[in-house]
Amino acid sequence: MLTRRQLLQMGLVGGAAVLLPWERAIVALAQSPSTTPFAVDLPIPAVKSPTSTDDTTDYYEVVMQHAEVEILPGVLTPVWAYDGLYPGPTIKARRDRTVVVTQVNELDVDASVHNHGAHVRPEDDGHPVDLIPPGGQKVYTYPNLQRAASLWYHDHVMHVTSRNVYMGLAAFYLIGDEVEDALDLPTGEYDIPIVIQDRSFEEDGTLRFVDSINSVLGNTIVVNGKPWPRLEVANRKYRLRFLNGSNTRDYELALDSGDDLVQIGTDGGLMPEPNRASSIMLSPAERVEIVIDFADVPVGDSVVLKNLIGNPNIGLDDIMRFDVVRSEDDPVGAVPPTLRPVPERGPARVTRDFDMDFSDELGLWVINGQPFDEDRIDVRPQLDVPEIWRVHNSAGAPHPFHIHQGMFQVVDRDGEPPLPAEIGMKDTVQVNPGETVSFHTVLTRYTGVYVYHCHNLAHEDHDMMAQMEIVPADIPEFSDIAGHTHEEAILAVATAGITTGFPDGTFRPQDPVTRGQMAAFLQRALELPSGAGGGQFSDVGGHTHEEAIAAVAAAEIAAGFPDGTYRPQQPVSRDQMASFLQRALDLPPGGPHPFTDVAGNPHEPAIAAVAQEGIASGFPDGTYRPRQQVTRGQMAAFLARALDMDTPTPA
Ligand code: C2O
Ligand code: CU
């Protein structure tokens, strides 16, 4: 094993700036067959059709198989590929609709499929030792209880991820949702996923893979499976979803026209607002979504997507070319100035430190001094408890740090604000040599063991990966609050099947909420101090009840919930609702209740709050239909009846 010092001498450890000698070495080692840039059309990866579908779920079957594909013109390259396609077939999912993928392994090697960026149970996560043997298959369930984003699925087998991905096992997994649909952005054929990879080839077209501990770099830029391709476009806007699917290589994207890139998305979907920048860095596994408007490009002209940190001597400074070949009306307006706010997920209660380094003794890349060990749990974050992870890079190479299961928000880089391109939700963040990057994360919904690691696949395989076990939160006890009302309110609301992410202001019916989430939510809604039993529900004067109502209302209460059961789509009776509200708000049984007497006309804002939350309409009729708007008047009438109050005057 080479020591770090030897590696340094060879120029193999280092940031992008010192990669040039290594790139030259690669060229000398592997002269790929020569390829003319911009000669081949950019393919759009095929979108997979479900094998069947029902009310809640789309079912797919994907076969991992050997195939021969034409990457370089005129030669066939053997690959290992999902459905024999390189890149693999795109799976298009919708938020709140389950996708079940049966992965069949017809390769001669073990496989494990990780849906990168997906929020899933541990058994569906493609853990590096959760293997599908040759001839085997495994069913992965993706609930898609998360916002629209461009994810990708790829192989994740312990120690051989680098090889398996290099051989072709990678594909897009795109989640869409209504929030995104409501924005005026290019769609359909004008919304294109683009994976950028680098590969080297033997003369006969065979992929040349070298199992390096440091870096796997190719001399040919392969975009959606073709070298330096061209795409014919109209003179209008396109939404381009770029994924760096390379094992090691970083790119700095820019247009040769000198125009700014208009970034609208990160790993985790739309950003709060667009980021206009002359160039954008993309480290392995990161995604950026960019709107390019070709309106000012004369038909017949071209725009080249450049890589500002690629060696120009071997063409690594070019990625692909857009040829404007026709004029078309653009129905899409200017990129909206606001896109999608990041969720408010509460202040961190835990801070953890991670150090990324190279161990000379072990000859391995390590996190906090240790190489990966499947029998060791490195950290145990609690479910729903916000944390800050501070990741320091002590080693001489950049490390794109990736955590499974949790989208995060970058908080700072060495105390400075995050880069404009990383404002939003992320699952991978570049940590440069000597730098400390902090991010805020909350691990929600599922407990169990997941990995986090460097996404330079050479580092990940050798052995820059660790495990976290997400454990149930140590929930504050609310039962000591006076008169146990608070406890009941929490239980009642919790059993109502409130959408997770509710604390984020998002609404996802049918999604279980944990007690911890609800406690955190109520604490904020009721302005209780955080921690166990700090708040006195019964002594909160004035506006608290309103907020309680708003809180309860926003919770999309489900029927049956006064019984402690959650049965969506089931009618709730007036008495059930009245009884719940009585308990939740600590009202004496029976009526009428002096709601209208509460200072400052709280009744009215409460109703308004409730109405605005889009509670199931028909609710006043005793029926429950999620996702349907209720009018303010309907809600007012309902509350008036439920609480035996005078009908308020709607404002
Ligand atoms: Cu994209 Cu753990 O990986
Ligand atoms: Cu690394």
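Use the structure listed above.
Model, not experiment: these values are computed from the prediction.

What counts as what
Residues numbered from 1 in each chain as written. Chains lettered and ligands numbered in written order. Predicted model: local features only at pLDDT ≥ 70, side-chain atom pairs only at ≥ 80, totals over all residues. Heavy atoms only, no water. Helix = DSSP H or I, 4+ residues; strand = E, 2+ residues; numbered from the N terminus. Buried < 20%, exposed > 50% of the residue type's maximum accessible area, 1.4 Å probe, protein only. Contact = heavy atoms within 4.5 Å. Areas by Shrake-Rupley, 256 points an atom, 1.4 Å probe, with all protein chains shown as cover. Donors = N, O, S within 2.8 Å, 3.2 Å for Na, K, Ca; no water. Pairing = 2+ DSSP bridges. Axes fitted to C-alpha atoms, helices over the stretch in contact; angles between N-to-C directions. Salt bridge = Lys/Arg side-chain N within 4 Å of Asp/Glu carboxyl O. Core = buried A, V, L, I, M, F, W, Y, C linked by side-chain atoms within 4.5 Å. Phe/Tyr/Trp six-rings, centres within 6.5 Å; stacked < 30°, edge-to-face > 60°. Lys NZ or Arg CZ within 6 Å of the ring centre and 35° of its normal.

1. A closer look at the overall build of the protein chain
Here comes step 1: Summing up its helical and strand segments, the protein chain has 11 helices and 30 strands in all.
Here comes step 2: With 651 residues in all, the protein chain has 62% of them scored as buried.
Here comes step 3: Within the protein chain, residue pairs in contact and separated by at least 24 positions form 74% of the contacts whose partners lie at least 6 positions apart.
Here comes step 4: For the protein chain, the accessible area works out to roughly 23,900 Å², and carbon and sulfur atoms hold 52% of it.

2. Thoughts on the coordination of the copper ion (ligand 2)
Here comes step 1: Surrounding the copper ion (ligand 2) are the protein donor atoms His399 (ND1), Cys454 (SG) and His459 (ND1), at 1.9 to 2.0 Å.
Here comes step 2: We classify Cys454 as buried; its relative accessible area is 0%.

3. Observations concerning unusual backbone geometry
Here comes step 1: Across the junction of Tyr86 and Pro87, the peptide omega takes the value -5°, indicating a cis bond.
Here comes step 2: Residues His462 and Asp463 are joined by a peptide bond in cis, for which omega reads 10°.
Here comes step 3: Here Asp463 is to be found in the loop between helix H5 (457–461) and strand E30 (465–470).
Here comes step 4: Within the chain, Gln405 stands out as a residue other than glycine whose phi angle is a positive 80°.
Here comes step 5: With respect to the secondary-structure elements, Gln405 resides in the loop between strand E25 (399–403) and strand E26 (408–413).
Here comes step 6: Residue class for Gln405 comes out buried when judged on its relative accessible area of 5%.
Here comes step 7: Despite not being glycine, Arg445 shows a phi value in the positive range, around 75°.

4. A word on the pairing of strand E15 (residues 251–255)
Here comes step 1: In terms of burial, E15 is largely enclosed, as 5 of its 5 residues are buried.
Here comes step 2: Two elements, E15 and strand E20 (residues 302–307), share 3 bridges in a ladder whose sense is antiparallel. Along E20, the bridge assignment pairs Leu255 with Leu305.

5. With respect to the sheet that holds strand E11 (residues 220–223)
Here comes step 1: With mixed pairing, 7 strands are arranged side by side in an open sheet as E12-E11-E10-E14-E19-E16-E17. The sheet terminates laterally at strand E12 (226–227) and strand E17 (269–277), the two strands that pair on one side only.

6. As for the sheet that holds E26
The strands making up a sheet are joined through hydrogen bonds of the backbone, oriented either antiparallel or parallel.
Here comes step 1: Sheet architecture is open: 5 strands sit in the order E23-E22-E24-E28-E26, paired in mixed fashion. Pairing within the sheet leaves two strands with one partner each, and these edge strands are strand E23 (364–367) and E26. Across the sheet, the mean angle from the axis of one strand to that of its neighbour is 20°, orientation sign disregarded.

7. What to know about the side chain of Asn144
Here comes step 1: For Asn144, the location among the structural elements is in the loop between strand E7 (137–142) and strand E8 (149–155).
Here comes step 2: Not counting the four nearest positions on each side in its chain, Asn144 is found in contact with Ala93, Arg94, Arg95, Asp96, Arg97, Thr98, Val99, Tyr173 and Ile175.

8. A word on the pattern of salt bridges
Oppositely charged side chains may form a pair once their charged atoms are brought near each other.
Here comes step 1: Taken as a whole and judged by the stated rule, the model has 32 salt bridges.
Here comes step 2: Its salt-bridge partner being Asp323, residue Arg321 comes within 2.7 Å of it at the nearest N-O pair.
Here comes step 3: When salt bridges that share partners are traced, they join Asp41, Arg230, Glu232, Arg321 and Asp323 into one network.

9. Quick look at the nonpolar core
Here comes step 1: Residues Met64, Val79, Tyr82, Val99, Val113, Tyr142 and Tyr173 are the most contacted members of the largest nonpolar core, which totals 41 residues.
Here comes step 2: Here this core takes 5 residues from strand E2 (residues 57–69), the largest share from any one element.
Here comes step 3: Formed by 34 residues, the second largest nonpolar core is a distinct cluster that contains Ile194, Ala277, Ile280 and Phe294.

10. Observations regarding the packing of aromatic side chains
Here comes step 1: Per the counting criterion, the structure on display carries 17 aromatic pairs.
Here comes step 2: Ring geometry for Trp389 against Phe401: centres 6.3 Å apart, planes inclined by 65°, an arrangement best described as edge-to-face. Of the two residues, Trp389 is situated in strand E24 (residues 387–393) and Phe401 in strand E25; the sequence distance between them amounts to 12 residues. Judged on exposure class, the residue Trp389 and its partner Phe401 are both buried.
Here comes step 3: Aromatic rings pair up to connect Phe354, Trp389, Phe401, Phe408, Phe439 and Tyr452 into one cluster.
Here comes step 4: Cation over ring: Lys138 sits above Tyr140, and NZ or CZ is 5.1 Å from the ring centre.
Here comes step 5: When the ring centre of Tyr190 is taken as origin, the NZ or CZ atom of Arg236, which lies over that ring, is 3.4 Å away.

11. Focus on the environment of Val366
Here comes step 1: Structurally, Val366 can be placed in strand E23.
Here comes step 2: Take Val366: its relative accessible area is 3%, and that puts it in the buried class.
Here comes step 3: Along the chain, Val366 and Met464 lie 98 residues apart, while their C-alpha atoms are 4.8 Å from each other.
Here comes step 4: Excluding residues that lie within four positions of it along the chain, Val366 makes contacts with Asp355, Met356, Asp357, Phe358, Ser359, Pro371 and Met464.

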